[in-house]
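Each chain, written out:
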Amino acid sequence: MNTEKVTARRLTAEEISGLGVQDAIFVPAGTSGLPLDCYAPAFLTEPGKNFEGGSFAARTVFGEEIHVLPDNAEEVGIWIADKAGEEIEVLQSAGVLLNLALFVPGGSKESLEALYSAARDAFGAGVVQRWSEEVVAVPDVKVDLYEEPARARKNANGQNRDRRALDIYPTRVRFLEPSEGWKFIVEPHKEIVDDTPTI
């Protein structure tokens, strides 16, 4: 576990109320519900003045959301970098986790093993790991992906549609998320034919 020593001081609830979402803070570190004995860099999920009650929500740079009661003496609280403070241990971001979905034409076991071996050769055998593997036969077809309001009026004739992506493979749709308040519509791909007369 890579950590670094940072000089910081603990904030009161009143001080946190004056922070915005761009202000860098440190909150108790944890991953997948497992608390760690150090801190993680984080940002408030919304400006401090918007929180009611004593609890503040922050999202760490590792994607974990944490709720903290800063004035509770039993909790470690929220900290901010300050040269006049004390030393705390802060978890470092040591790398990037890539979630990959690979489409392998005629995907045989040998071709998958070749991909895995090439990745291990490029990044190191101890770095590249297969966390989960799902081998699914995928038809080599394309679809059109649209977004439309989640509560669209009936018989709106698709006028509110916003073309999100063209020529996308169906398996990739699983890894995309629609905009807030919108939903995805997946349709068979239709080539756009431009029948504008030309001279």
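Here's a quick rundown of the structure. Residue numbers here run from 1 along each chain, matching the order of that chain's written sequence. Restriction of local features to residues with pLDDT of at least 70 applies here, the model being predicted, together with a cutoff of 80 or more for giving and counting side-chain atom pairs; totals for whole chains, interfaces and linings are based on all residues. Side-chain figures throughout are based on the complete set of non-hydrogen atoms in the structure, without hydrogens or water.

Time to look at the pairing of strand β4 (residues 56–60). Burial here depends on accessible area, computed with a 1.4 Å probe over protein chains only, as a share of the maximum for the residue type. Under 20% is buried, over 50% is exposed, and the range in between is partly exposed. Each helix is a run of H or I in the DSSP string that is no shorter than four residues. Each strand is a run of E no shorter than two, and both are numbered from the N terminus. Burial within β4 is extensive, with 4 of its 5 residues counted as buried. For two strands to pair, DSSP has to find at least two bridges joining them. Bridge analysis of strand β3 (residues 34–44) against β4 gives 3 bridges, and the strand direction is antiparallel. Note that in β4 the partner of Ala42 across the bridge is Thr60. Joining the antiparallel neighbours β4 and strand β5 (residues 65–68) is a turn of 4 residues, in which Gly63 adopts a positive phi near 90°.

Looking now at the nonpolar core. Grouped together as the largest cluster of nonpolar side chains are 16 residues, with contacts concentrated most on Ile16, Leu19, Ile25, Val27, Leu44, Phe56 and Ile78. Put simply, the parts of the chain that give this core at least two residues each are α1 (13–17), β2 (25–31), β3, β4 and β5. Counting residues per element, this core draws most heavily on β4, which supplies 3 residues. Only heavy atoms matter for contacts: two residues are in contact if any of them lie within 4.5 Å across the pair. If near-sequence neighbours (up to four positions away) are discounted, Val27 is found in contact with Cys38, Tyr39, Ala40, Ala42, Ala58, Thr60, Ile66, Gly77 and Ile78. By convention a nonpolar core is built from buried Ala, Val, Leu, Ile, Met, Phe, Trp, Tyr and Cys residues, the set being connected through side-chain atoms within 4.5 Å. Counting residues in hydrophobic clusters, the runner-up holds 7 residues, among them Val6, Phe26, Ile88 and Val90.

Looking now at a nonpolar patch on the surface. Among the surface-exposed residues, Val96, Leu98, Leu100, Leu102 and Leu115 lie close enough to one another that they form a single nonpolar patch of about 570 Å² accessible area. Locating Leu98 in the fold gives a position in the loop between β7 (86–91) and α2 (109–123). Of the residues examined, Leu98 reaches a relative accessible area of 61% and is grouped as exposed. A patch consists of residues whose relative accessible area exceeds 30% and which take part in no salt bridge; residues with like charges are grouped when within 9 Å of each other, and nonpolar side chains (Val, Leu, Ile, Met, Phe, Trp, Tyr) when within 5 Å. Under the convention used here, a 1.4 Å probe and the Shrake-Rupley method define accessible areas, while residue burial counts only the protein chains that appear. Here a salt bridge means any side-chain nitrogen of Lys or Arg lying within 4 Å of a carboxyl oxygen belonging to Asp or Glu.

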